[in-house]
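Fold and contact review
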Amino acid sequence: MYYSAAPSAPPQDIVAVNQTLFTITISWQPVDCAHQNGNITGYEIRYRKKDGGNTEAMSDIMGAHYTLTDLQPSTAYLIQVAANNTAGRGVFGNISASTLFEVHVISTTSTSINISWAEVDYEVLITWISTLSSHCTQNIDQSLKNDSVNGKSSYVIDGLKVFTEYNITLCINGSICTFKTVVTNATAPSAPPKGMSWEGSSSTNITIKWDPVPCADRNGNITSYVVMFRENGKEMFHNETTTGVDMEFTITGLAPSTEYEIKVAAFTVAVGPFTNESFFASTTADTREGGSNVGGVVASVIVSVLFFIGATLGIIAAIWLMRRKKSTMKGLFSIGHFKVTRKQSTLPHSRDTQDISLEQL
């Protein structure tokens, strides 16, 4: 018998039999005989992300199952399957809605994760494990933990470690699974930095260093440090916050020849405890006896300026006095007359006396 029509119905019982982080394996039963319209020559699958995007297609599939690969993790897909015969491609059928479900994170704290999923008619097995890619890999318990949930569409996983990455798997009937990766919230560090040391000082500065907070006590990414300091014996602390994650800081503006008590704490989303062991460091003495370096420099400048002013005034006074003296002498010459005796050549034995002014000379 010859058939000139493509299959008029989709394959039956299209289901997901296995899901991993990047793959989905689906299977189906043949098209009902009454709708095959000839011999089935293969199958075609098309799929896309549930929230939109391009549709991908796979053709010439033989058999009654197929694994889609290179998928996005924790993403829901719409999947359809159609049968082909010699006349062409038949009707597409959707994967069973009850076997494809998504996992949503409702809320996350530092020690718990609240998740939800679409309602299903089967038992849901929840499995979780901390991963090797956690932010702090020391003392991580990597044993699998699981629980079965019936008749619910949400679950709270508690008793988790702070700021740790977990892989959560939900499976229906032990084979149809979906994954979610979640990181618990960060909190303030639970321990202070270790190993404080005094790296150097001047009359007004002290430089200190410290070792990291132990990995298991960080509870998040360290973003800065808080340094508290006070003069030894005084009550009030002053504080400074570093601008980075370097474990070194210079306290400035201190008093010379003074001992200081210093404490340090790490900061993530909040500040942790300060170092509880007292750490003391001292500034050095002034380089000038009886005053600070700054005071000595200022005093030297003042003395130099005063010397320059005094010398300038002295020169001006000397010039004024010289001009004054010259003016006085000239006045004396201009107002006086002198007796001048001049010998006459014709009368060698006589003398003629005349009054001659200064202008006549």
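Right above here is the structure, for reference.
In what follows, the accompanying structure is described. Note that the structure is a prediction, hence the values are computed from the model and not measured. (Residues numbered from 1 in each chain as written. Predicted model: local features only at pLDDT ≥ 70, side-chain atom pairs only at ≥ 80, totals over all residues. Heavy atoms only, no water.)

With respect to the helices, strands and loops of the structure, K152 is situated in the loop between β12 (145-149) and β13 (154-157). C-alpha of K152 to C-alpha of E123: the two residues are 29 residues apart in sequence and 9.2 Å apart in space. (Helix = DSSP H or I, 4+ residues; strand = E, 2+ residues; numbered from the N terminus.)

On to the sheet that holds strand β19 (residues 238-241), then. Strand order across the open sheet formed by 4 strands is β19-β18-β21-β22, with antiparallel pairing between neighbours. Every interior strand has two partners, whereas the edge strands, β19 and β22 (279-282), have only one. Strand-to-strand, the axes of this sheet are offset by a mean angle of 30°, without reference to chain direction. With 4 bridges joining them, strand β18 (residues 224-231) and β19 adopt antiparallel strand pairing. Within the sheet, the bridge partner assigned to F229 lies in β19 and is H238. (Pairing = 2+ DSSP bridges. Axes fitted to C-alpha atoms, helices over the stretch in contact; angles between N-to-C directions.)

Under the counting rule described, the total for this entry stands at 4 salt bridges. K209 serves as the salt-bridge partner of E248, at 3.6 Å between the closest nitrogen and oxygen. Placement of E248 in strand β20 (residues 248-251) and of K209 in strand β17 (residues 206-211) is noted, with a sequence separation of 39 residues between them. With relative accessibility at 32%, the residue K209 sits in the partly exposed group. When the shortest N-O distance is used, the salt bridge between K234 and E231 registers 3.6 Å. (Salt bridge = Lys/Arg side-chain N within 4 Å of Asp/Glu carboxyl O. Buried < 20%, exposed > 50% of the residue type's maximum accessible area, 1.4 Å probe, protein only.)

With that out of the way, let us pick up a nonpolar patch on the surface. On the surface, I302, V305, L306, F308, I309, L313 and I316 cluster together to form a nonpolar patch covering roughly 720 Å² of accessible area. Tracing the backbone shows I309 in helix α2 (residues 293-335). Look at I309 and you get partly exposed, because its relative accessible area is 43%. (Patch = residues over 30% accessible without salt bridge, like charges linked within 9 Å, V, L, I, M, F, W, Y side chains within 5 Å. Areas by Shrake-Rupley, 256 points an atom, 1.4 Å probe, with all protein chains shown as cover.)

What follows covers the side chain of S27. Mapped onto the fold, S27 is located in strand β2 (residues 24-29). Not counting residues up to four positions away in its chain, the partners in contact with S27 are D13, I14, V15, V17, A64 and H65. (Contact = heavy atoms within 4.5 Å.)

Considering the arrangement of structural elements, one finds G233 in the loop between β18 and β19. We classify G233 as exposed; its relative accessible area is 72%. The sequence separation of G233 and Y260 amounts to 27 residues, and the corresponding C-alpha distance is 8.8 Å.

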